[in-house]
Amino acid sequence: MAWRWQLVTILLWLPSFWTDWSKSSRGHVLNLDSEVPLSIASKEYRAAFHFQPPQNWINDPNGPMLYNGIYHLFYQYNPYSAQWGNITWGHSKSIDLINWTPLDIALRPSDPFDRQGCWSGSVTILPGDKPVILYTGINESGHNVQNIALPKNISDPFLVEWVKPSYNPIMVAEGVDPTQFRDPSTCWLGKDGLWRTTIGAEDFERRAKALLYQSKDFVQWRSAERPLFSTNSSSMIECIDFFPVSAKWKRGLDGSSMGSKEVKHVLKMGVFDNSHDYYLIGRYSEELDVFTPENVGEDDHRMWLRYDYGSFYASKTFFDSDKRRRVLWAWSNESDTISDDIVKGWAGVLTVPRAIWLHKNGKQLMQWPVRELESLRREKIELKDVEVSKGGLIEIKGVKTSQADIEVEFELPELEKAELVHHEWKLDDAQMACNEMDASVPGSIGPFGLLILASHDLEEHTAVFFRVFKTRTDYAVLMCSDQRKSSLWPELYKPVFGGFVGMDVKEGKISLRTLIDHSVIESFGDGGRTCITARVYPKLLLSGDTHMYVFNNGSETVKIRELKAWEMGNAQIN
Ligand code: DQQ
């Protein structure tokens, strides 16, 4: 691979770049070859290395597993349209988590117990290497019931066909709203020989419950005396994921690992009302069969942690026993309109597979794209020790910036210079803080970061950046992904996302990795401590003239200690 140093263009900061974009034309861009007007339906918005089906609608990842050396991924899929509906389980296989081959649909609505849809669920591999699917069926009355499906031919290396035994459903709602009872988790085995699964539900007082079910044989299931967890702070919770993490090692644990001081548990819940995935870290008592979170108010979900502060929902992990790691996927929805999706003929992507582990502080999870993704890295450019002073804008040239992987480490100036936070709300609500203090609002240490998928005049750009504050007792680092100027197409959802990076800023540095894949911008702050995924549709993708800049709009100089940017190749996806 050619490793080369690139010249950088240092431009002056022009404040008008930030303000004048809205005056520009909103007309179609002409493709000079064909003279056909290009539109938001252009294939330029499809991803090159994020998982998506060849066409139509995808939502939740379901039942990821490694079976006989092959990774399988199932997903909520509408085979007929780019809108949610007619939900089946799509199925693909891979040997590296990056390149995927489509297989036949694994589950389709077919029986009274799933006539109206085969909704989310999980795979558990039973002793003797027997994979089993548990999934939610929507029955003829529109109720959520839990079903089982088994491979038709266990010696088929790709497990293409799945059968639904006639004894389905195996669990029906008891004491909870039968229309809000779904998404069985991967099962774990207790010391008592009973299998367990947890299922999200809403009771008649509109309180969320992670119900617990137990079974000796995977056929007869009974509801446990108590839920695994319940909370007043949310109504329905979806796609629960419950898994052990090592408090000592970065490596992942099998779902049934329990019973040691070094094992903590993660309970991840999708809050239906706001489509955010939250998680709690705590202890699972095998004796009582309950999960108790550590250090966090159970009854205020705004205090819970998030894997990702952007467009990221219905995530699911699995234990990769080959590489001894836990791998996470999530659904990232489009932020254009449904009518755009129908014209495009597709909607939804999955985030890149991320390894996930407990930070050594025991208080939060860390995430990082699996190493296999690096096989797609092509041309590389590097920068070292470049100062970016107030108003500095440095163009990163030499790689195709619409399909790239960028890692940058910033060296911070004296922390004493950080702005003092006067208004406490700024520390409560990161999204609000990013909203009020966008990249054009000057600060002291920051805003600094990347302008991504930017036009040369910055009329279009997505800003991913940091700002450091001084609080009464410490420092706080804010990470933002601001999509408000991401596109000149009208009628798109262009939110601002933000999260605090609970890092020790006294070390004097902060890193950012961003994966840019056409309409996907997936960012990892401080080595994967705070992540934000955004969906954007810049018009300039159609002309191919995309730019990327490092910027600093704070009064204090920050230094790019090292920046590496790789152009990314195309994965073979479905
Ligand atoms: N999506 C599925 C449900 C799940 C929801 C339906 C979460 O099973 O609760 O497609 O996105």
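Residues numbered from 1 in each chain as written. Predicted model: local features only at pLDDT ≥ 70, side-chain atom pairs only at ≥ 80, totals over all residues. Heavy atoms only, no water.

### Quick word on the state of the cysteines
Put simply, the rule is: The term disulfide is used for any two cysteine sulfur atoms that are within 2.5 Å. By definition, any uninterrupted DSSP run of H or I lasting at least four residues is a helix, any uninterrupted run of E lasting at least two residues is a strand, and each is numbered from the N terminus.
Counted according to the given criterion, the structure contains one disulfide. Here Cys434 connects covalently by a disulfide to Cys480, the sulfurs 2.1 Å from one another. Between Cys434 and Cys480, the S-S dihedral sits near -80 degrees, and the bridge is therefore left-handed. Residue Cys434 is found in helix α4 (residues 430-436), and its partner Cys480 is found in strand β37 (residues 475-482); the two are separated by 46 residues along the sequence.

### Re the side chain of Thr136
Keep this limit in mind: Only protein chains enter the accessibility calculation, which uses a 1.4 Å probe; a residue is then buried when its area is under 20% of its type maximum, exposed when over 50%, and partly exposed in between. We define a polar contact as two N or O atoms separated by no more than 3.5 Å, with the added condition that, inside protein, one atom must be a possible hydrogen donor and the other a possible acceptor, whereas residues neighbouring each other in sequence contribute only through side-chain atom pairs.
Tracing the backbone shows Thr136 in strand β10 (residues 130-138). Note on Thr136: relative accessible area 0%, which makes it buried. Looking at Thr136, its side chain comes within polar contact range of the side chain of Gln146, at 2.7 Å.

### Section: the pattern of salt bridges
Rules: Here, a salt bridge means any Lys or Arg side-chain nitrogen found within 4 Å of an Asp or Glu carboxyl oxygen.
Taken as a whole and assessed by the stated rule, the structure comprises 40 salt bridges. Of the charged contacts in the structure, one is a salt bridge between Glu294 and Lys264, with a shortest N-O distance of 2.8 Å. With Glu294 in the loop between β23 (290-293) and β24 (305-306) and Lys264 in strand β21 (residues 263-271), the pair connects residues that are 30 residues apart, well separated along the chain. A salt bridge links Asp336 to Lys344; its shortest N-O distance comes to 2.8 Å.

### As for the nonpolar core
Defined as follows: Residues grouped as a nonpolar core are buried Ala, Val, Leu, Ile, Met, Phe, Trp, Tyr and Cys residues, joined through side-chain atoms within 4.5 Å. Annotation comment: domain bounds sourced from an automatic or database domain assignment. Between two residues, a contact is recorded if the distance between any of their heavy atoms is within 4.5 Å.
Core analysis: the biggest nonpolar cluster contains 54 residues, and Ile396, Val550, Ile560 and Leu563 have the highest contact counts within it. Among the elements that line this core, the one with the most residues is strand β35 (residues 445-454), at five residues. For this core, the two domains that each supply at least three residues are domain 1 (5-30 + 372-568) and domain 2 (44-369). Setting aside residues no more than four positions away along its own chain, Ile396 makes contact with Ile381, Leu383, Thr401, Met548, Val550, Leu563 and Ala565. Counting residues in hydrophobic clusters, the runner-up holds 36 residues, among them Trp57, Cys531, Met568 and Ile573.

### Digging into the site of the ligand
The criterion, for reference: To be near a molecule or strand, a residue needs just one of its heavy atoms within 4 Å of it. Computed with a 1.4 Å probe, the accessible areas rest on the Shrake-Rupley method; for each residue, only the protein chains presented here act as cover.
The immediate surroundings of the ligand are formed by 13 residues, with Asp60, Gln76, Arg182, Asp183 and Glu238 found nearest. At 3.0 Å from an oxygen atom of the ligand is found a side-chain nitrogen or oxygen belonging to Asn59. Residue Asp60 places a side-chain N or O atom 2.7 Å away from a nitrogen atom belonging to the ligand. Protein chains bury 94% of the 310 Å² of accessible surface belonging to the ligand in isolation. Of all the secondary structure elements, the ones that give two or more residues to the shell around the ligand are β5 (56-67), β9 (118-126), β20 (237-246) and β25 (313-320).

### A short note on the sheet that holds β5
Note the following rule: Any two strands between which DSSP finds at least two bridges are classified as paired.
Across the sheet, five strands lie side by side as β8-β7-β6-β5-β27; this open sheet has mixed pairing. Since the sheet does not close on itself, it has two edges, and those belong to β8 (101-107) and β27 (346-347), each with one partner. Sheet analysis places β5 next to β27, joined by two bridges and oriented parallel. Its bridge partner being in β27, Asn56 is matched across the sheet by Trp346.

### Things to note about the side chain of Glu395
Threshold: In this tally, Asp and Glu contribute negative charge and Lys and Arg positive charge; neither His nor the terminal groups of the chain are included.
Looking at where Glu395 falls in the secondary structure, it is placed in strand β32 (residues 393-395). Buried and unpaired, Glu395 has Lys397 as its nearest opposite-charge partner, separated by 4.3 Å.

### As for the packing of aromatic side chains
Applicable threshold: What counts as a ring pair is set by centres within 6.5 Å for rings of Phe, Tyr and Trp (its six-membered ring), and what kind of pair is set by the plane angle: stacked under 30 degrees, edge-to-face over 60, tilted for all other angles. The rule is short: NZ of Lys or CZ of Arg within 6 Å of the ring centre and within 35 degrees of the ring normal puts a charge over the ring.
Following the criterion strictly, the structure yields 28 aromatic pairs and no others. Both rings, one in Phe229 and one in Trp304, keep their centres 6.2 Å apart while their planes meet at 65 degrees; by these two values the pair is edge-to-face. Residue Phe229 is located in strand β19 (residues 229-231), and its partner Trp304 is located in the loop between β23 and β24; the two are separated by 75 residues in the primary sequence. An identical accessibility class is assigned to Phe229 and Trp304; each is buried. Relative to Phe448, the ring of Phe410 lies with its centre 4.8 Å away and its plane at 65 degrees, an arrangement referred to as edge-to-face. One end of the pair, Phe410, is in strand β33 (residues 403-411); the other, Phe448, is in strand β35, with 38 residues separating them in the sequence. Judged by relative accessible area, which is 0%, Phe448 ranks as buried. Over the aromatic face of Tyr278 sits the side chain of Arg306, whose NZ or CZ is 5.9 Å from the ring centroid.

### Considerations on the pairing of strand β38 (residues 496-500)
Across the five residues that make up β38, a large majority, four, are buried. The pairing of β37 with β38 spans five bridges and is antiparallel. Along β38, the bridge assignment pairs Leu478 with Phe500.

### Quick look at the domain arrangement of the chain
How we decide: Accessible surface is computed with a 1.4 Å probe, and the buried area is the amount of it that two parts give up when combined, taken over both parts together. Gly falls in the polar group here, along with every residue not listed as nonpolar (Ala, Val, Leu, Ile, Met, Phe, Trp, Tyr, Cys, Pro) or charged (Asp, Glu, Lys, Arg).
For the chain, the assigned domains are domain 1 (5-30 + 372-568) and domain 2 (44-369). Each partner contributes to the interface: domain 1 provides 39 residues, whereas domain 2 provides 39 residues. For the domain 1 and domain 2 pair, buried surface summed over both sides reaches about 3300 Å², with 56% attributable to carbon and sulfur atoms. Among the residues of domain 1 in contact with domain 2, Glu372, Arg529 and Arg535 are the three that bury the most area, contributing 20% of the side total. Linking domain 1 with domain 2 are four salt bridges. For Arg325, the salt bridge is made with Glu372, and the minimal N-O distance between the two is 2.7 Å. Sorting the residues of the side of domain 1 that touches domain 2 by element identifies β33, β38, β39 (509-517), β40 (520-525), β41 (530-535) and α5 (540-543) as the ones contributing at least two each. Taken together, the residues that form the side of domain 1 that touches domain 2 break down as 19 nonpolar, ten polar and ten charged.

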